[in-house]
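Structural description and commentary
So the chains spell out like this:
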Amino acid sequence: LTFIDKAAMVSLENVQFDMSELEKGMKITKKEYEIRIESKSENLVLKEFLSKAEQQFNELSNKYKTAIEQFNQCVEYFGETPRSQSPNAFFSIFVKFLKAYN
């Protein structure tokens, strides 16, 4: 039962921060593109990048929402409240259990 690899663990809080930063970057990029369109200097490279980036961001956003929903369901399954449990605190219980079990 040594399936927990610390190198492969990702903090949900870090993912939340990264998603927030990506969203800010997307907004800035969209504004830049809109400014270029208004000034009649449309940039095809920026347009192509934006269309691909929006698609990838939407996919990531959907996966992030799914992860949050599944975490909340998991926490509720074990009788806890998602708002009162951080992912690190919640899953550290399982890590301690598995170490003690081994």
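Refer to the structure printed above.
First things first, this report covers the structure right here in the doc. (Residues numbered from 1 in each chain as written. Predicted model: local features only at pLDDT ≥ 70, side-chain atom pairs only at ≥ 80, totals over all residues. Heavy atoms only, no water.)

1. Structural notes on the overall build of the chain
Of the regular secondary structure elements, the chain holds 3 helices and 0 strands. Helices and strands in the chain line up, N terminus first, as α-α-α. For 102 residues, the compact-globule formula gives about 13 Å, and the C-alpha radius of gyration of the chain, at 20 Å, lies well above that figure. Counting across all 102 residues of the chain, residues that qualify as buried make up 19%. Taking as baseline every contact in the chain between residues at least 6 positions apart, the subset at least 24 positions apart corresponds to 51%. Split by element, the accessible area of the chain, about 8400 Å² in all, is 56% carbon and sulfur. The averaged location of the 15 negative side-chain charges in the chain is 2 Å from the averaged location of its 14 positive side-chain charges. (Helix = DSSP H or I, 4+ residues; strand = E, 2+ residues; numbered from the N terminus. Rg over C-alpha atoms; globule rule 2.2 N^0.38 Å. Buried < 20%, exposed > 50% of the residue type's maximum accessible area, 1.4 Å probe, protein only. Contact = heavy atoms within 4.5 Å. Areas by Shrake-Rupley, 256 points an atom, 1.4 Å probe, with all protein chains shown as cover. Lys, Arg positive; Asp, Glu negative; His and termini not counted. Charge placed at Lys NZ, Arg CZ, Asp CG, Glu CD.)

2. Notes on the nonpolar core
Among the nonpolar cores identified, the biggest contains 12 residues, and these are Leu-12, Met-19, Met-26, Tyr-33, Leu-46, Leu-50, Ala-53, Phe-57, Tyr-64, Phe-71, Val-75 and Phe-90. Those elements giving two or more residues to this core turn out to be α1 (12-38) and α2 (44-77). Per element, the largest residue contribution to this core is 7 residues, and it comes from α2. When near neighbours in sequence (up to four residues on either side) are disregarded, Phe-71 contacts Leu-12, Gln-85, Ser-86, Pro-87, Phe-90 and Phe-91. (Core = buried A, V, L, I, M, F, W, Y, C linked by side-chain atoms within 4.5 Å.)

3. Regarding the side chain of Thr-29
Considering the arrangement of structural elements, one finds Thr-29 in helix α1. For Thr-29, a relative accessible area of 17% puts it in the buried group. Every residue in contact with Thr-29, bar those within four places of it in the chain, is listed here: Leu-46, Phe-49 and Leu-50.

4. Quick word on helix α3 (residues 87-101)
In this model, α3 (15 residues) spans 21 Å end to end at C-alpha, consistent with the 21 Å of a helix rising 1.5 Å per residue. For α3, the elements touching its buried residues are α1 and α2. (Expected span 1.5 Å × (residues − 1).)

5. Focus on the packing of aromatic side chains
Inspection of every chain in the model, using the stated rule, returns 9 aromatic pairs. Aromatic pair Phe-71 and Phe-90: ring centres 5.9 Å apart, planes at 85 degrees, arrangement edge-to-face. Here Phe-71 is found in helix α2, whereas its partner Phe-90 is found in helix α3, with 19 residues between them in sequence. Owing to a relative accessible area of 7%, Phe-71 belongs among the buried residues under this scheme. Each ring, one from Phe-90 and one from Phe-91, has its centre 5.1 Å from the other, and the planes form 75 degrees; the classification is edge-to-face. By relative accessible area, which is 3% here, Phe-90 ends up buried. (Phe/Tyr/Trp six-rings, centres within 6.5 Å; stacked < 30°, edge-to-face > 60°.)

6. Overview of α1
Helix length check: α1, at 27 residues, gives a terminal C-alpha distance of 39 Å against a target of 39 Å (1.5 Å per residue), a fit within 8%. What α1 keeps buried is the set Leu-12, Met-19, Met-26, Thr-29 and Tyr-33. Buried residues in α1 make contact with α2 and α3. The positive-phi residue at the C-terminal boundary of α1 is Lys-40, with phi of around 65 degrees.

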